[in-house]
Number of protein chains: 2
Amino acid sequence: MKRHGNQLEWALHCAVVLAGLDAGKRLSAGSLAELHGVPPKYLAKALQLLANAEIVNSAPGPKGGYCLAKSADEISVLDVVDAVEGGEPLFRCQEIRRRGPCQSIGAKHFAKSCQIADVMWRAEEAWRAELARVTLADIGQRVLTEVSVKVLGVVQDWVDAQTT
Amino acid sequence: MKRHGNQLEWALHCAVVLAGLDAGKRLSAGSLAELHGVPPKYLAKALQLLANAEIVNSAPGPKGGYCLAKSADEISVLDVVDAVEGGEPLFRCQEIRRRGPCQSIGAKHFAKSCQIADVMWRAEEAWRAELARVTLADIGQRVLTEVSVKVLGVVQDWVDAQTT
DNA sequence: TGATTGCAGACAATAAATATCCATAATAGT
DNA sequence: ACTATTATGGATATTTATTGTCTGCAATCA
Ligand code: FES
Ligand code: FES
């Protein structure tokens, strides 16, 4: 089976699409999957993560589907990333400094975190800070000014057709 | 989102240990593996990546092993990360914006990169900048001041025993 | 020469990501 | 009340990435 891509990219795109939706309207997981050309059942899992994180609001039944749970300027890209990735760090330290000849040394001598992990985590904080600084509203803004009117029109028409 | 494997932690620790080595001395892959309590044959793969990236210098035969290829203040943490992870980006965009109802639109309408990928890559640049700012010498410095003398002594003695 | 070590590639095992399926519950329209 | 639509959560299968091992070869040193 074809390799489709990653949940994070899907979730971010869905979030931005939902941010551009008219108030009161919703899009189903199936519609969002078709729009992005990804497997519907699997995308539904990603959307569930967003729903659990209270980034999107879900409703079952006909006319159900997803919409943003709060205004687009209250949702950062980091919120979406953490929701999908479970907030796990990029760098995972397994405390290898305690092994080998050091494994007999008492834990009290290793109070602080490893200096190497420190560096990696500081960098990760810089990454997160950058993601926290951008909201879905910011991206929506840029999309409106930077994406060609042709693409914008096709997507808008298609979304309108789905939400009638 | 790509997460970092354990090889990175191993490689970083090895690099810092080599940075603290007396001039002219070397440590074998087996010794470094024992010091960190990791599988020797697999650690050797990581060390080969560092050697290919010309971060460490390798020598075969008895008295062989690894030492830094340049001075510790010329090697950034980013250099090691890129060597081990192959310089691949954390966020991989699969251009899902071109699928679904948009797939019939000509490629010329999609000239620039996706606004979402832009955000992710800007954040990644912040991460890389932070890693580029720190050198092995910086870490060595911090280790000397922050790690307990007990641990420092055990490691130093053990390294001395390996390099006689 | 024999022992030690790094190198490269092939291979096997394990973990993680990707993808599907199903049973259940909620909702809207009839 | 009935049906069609949709989200949810769990179970499961499939594919890919990571982790780990093995072997043959070349370089080095005593
Ligand atoms: S022990 Fe994990 S990064 Fe040092
Ligand atoms: S198409 Fe890949 S991030 Fe938008």
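A brief structural summary. (Residues numbered from 1 in each chain as written. Chains lettered and ligands numbered in written order. Predicted model: local features only at pLDDT ≥ 70, side-chain atom pairs only at ≥ 80, totals over all residues. Heavy atoms only, no water.)

1. Quick look at the overall build of chain A
Selection criterion: Strands are runs of DSSP state E lasting at least two residues, helices are runs of H or I lasting at least four, and both sets are numbered from the N terminus onward. Whether two residues touch is decided by their heavy atoms; if any such pair falls within 4.5 Å, the residues are in contact. With residues, only the protein chains shown are counted as cover, and all accessible areas are computed by Shrake-Rupley using a 1.4 Å probe. Counted as positive: Lys and Arg. Counted as negative: Asp and Glu. His and the chain ends are not counted at all. Taken as the charge centre is NZ of Lys, CZ of Arg, CG of Asp or CD of Glu, depending on the residue.
Assigned secondary structure in chain A consists of 7 helices and 2 strands. Mapped from its N terminus to its C terminus, chain A presents α and β elements in the order α-α-α-β-β-α-α-α-α. Each principal axis of the C-alpha distribution contributes one length, and for chain A these read about 70 × 35 × 30 Å. For chain A, long-range pairs separated by at least 24 residues make up 66% of all intrachain contacts whose partners lie at least 6 apart in sequence. Accessible surface, chain A: about 8,100 Å² in total, of which carbon and sulfur atoms supply 52%. For chain A, the distance from the average site of its 19 positive side-chain charges to the average site of its 19 negative ones is 8 Å.

2. As for the environment of Arg26 of chain A
Residue and element names in this part refer to chain A. Here is the rule we go by: Buried, partly exposed and exposed residues are distinguished by accessible area as a fraction of the type maximum, computed with a 1.4 Å probe on protein chains only: under 20%, between the cut-offs, and over 50%, respectively.
Following the sequence through the fold, Arg26 ends up in the loop between α1 (7–19) and α2 (29–36). By relative accessible area, Arg26 is classed as partly exposed at 22%. Arg26 sits 11 residues away from Ala15 along the chain, and the two C-alpha atoms are 12 Å apart. Apart from residues lying up to four places away in sequence, Arg26 is in contact with Leu21, Asn57, Ser58, Ala59, Lys63, Gly64, Gly65, Tyr66, Cys67 and Thr163.

3. Here's the deal with α2 of chain A
Residues and elements named next belong to chain A. Buried residues dominate α2, accounting for 6 of its 8 residues. Among all positions in α2, only Ala29, Ser31, Leu32, Ala33, Leu35 and His36 are buried. On its buried side, α2 packs onto α1, α3 (40–52), β2 (65–68) and α7 (149–163).

4. What about the relation of the copies chain A and chain B?
The condition is simple: Residues below a pLDDT of 70 in either copy are left out; the C-alpha atoms of the rest, at least 70 in both, set the least-squares superposition of the copies.
Of the transformation placing chain A onto chain B, the axial shift is 0.0 Å and the rotation is 180°, giving an RMSD of 0.1 Å. Look at the turn and shift together and you get a two-fold axis relating the two. Distance from the rotation axis, computed per C-alpha, reaches its smallest value in chain A at Trp127 of chain A: 2.4 Å. Interface overlap between copies is the fraction of interface residues in one copy that are interface residues in the other; for chain A against chain B it reaches 93%, indicating a shared surface.

5. Digging into the pairing of strand β1 (residues 56–59) of chain A
Residue and element names in this part refer to chain A. The condition that has to hold: Following DSSP output, two strands are said to pair if at least two bridges run between them.
Note: β1 against β2, 4 bridges, orientation antiparallel. Its bridge partner being in β2, Ala59 is matched across the sheet by Gly65. Connecting the antiparallel pair β1 and β2 is a turn made up of 5 residues, with Gly61 showing a positive phi of about 85°.

6. Side note on the pattern of salt bridges
Note the threshold: Salt bridge, as used here, is a side-chain nitrogen of Lys or Arg placed within 4 Å of a carboxyl oxygen of Asp or Glu.
In total, this model carries 12 salt bridges over all chains according to the counting rule given. Between Arg98 of chain A and Glu95 of chain A there is a salt bridge, with its nearest N and O atoms 2.8 Å apart. Judged by relative accessible area, which is 25%, Glu95 of chain A ranks as partly exposed. Here Glu130 of chain B and Arg133 of chain B are joined by a salt bridge, their closest N and O atoms 2.9 Å apart. Taken together, the shared-partner salt bridges connect Asp82, Glu125 and Arg128 of chain A into one network.

7. Examining the environment of Ala29 of chain A
All names here are of chain A. Considering the arrangement of structural elements, one finds Ala29 in helix α2. Its relative accessible area of 15% is what places Ala29 among the buried residues. A sequence separation of 10 residues divides Ala29 from Pro39, and the C-alpha atoms of the two residues are 9.8 Å apart. Setting aside residues up to four positions removed in sequence, Ala29 forms contacts with Leu43, Ala44, Leu47 and Tyr66.

8. Details of the interface of chain A and chain B
It is common to report an interface's size as the accessible area lost on association of the parts. The line we're drawing: Summed over both partners, the accessible area lost on bringing two parts together, with a 1.4 Å probe, is the buried area. By the criterion applied in these results, polar contacts are pairs of N or O atoms within 3.5 Å in which, for protein atoms, one can donate a hydrogen and the other can accept it, and in which residues neighboring in sequence qualify only through two side-chain atoms. Polarity classes work like this: nonpolar for Ala, Val, Leu, Ile, Met, Phe, Trp, Tyr, Cys and Pro, charged for Asp, Glu, Lys and Arg, and polar for all others, with Gly in that last group.
If you look at the interface, chain A gives 60 residues, while chain B gives 58 residues. Summing both partners gives a buried area of about 5,400 Å² for chain A against chain B, and 67% of it is carried by carbon and sulfur. At the boundary of chain A with chain B, the tally comes to 11 residue pairs in polar contact (both at pLDDT 80 or more). Elements with a contribution of two residues or more to the side of chain A that touches chain B: α1, α2, α4 (77–85), α5 (115–132), α6 (136–146) and α7 of chain A. Per-element tally for the side of chain A that touches chain B: the top contributor is α5 of chain A, with 11 residues. By residue class, the composition of the side of chain A that touches chain B is 33 nonpolar, 11 polar and 16 charged.

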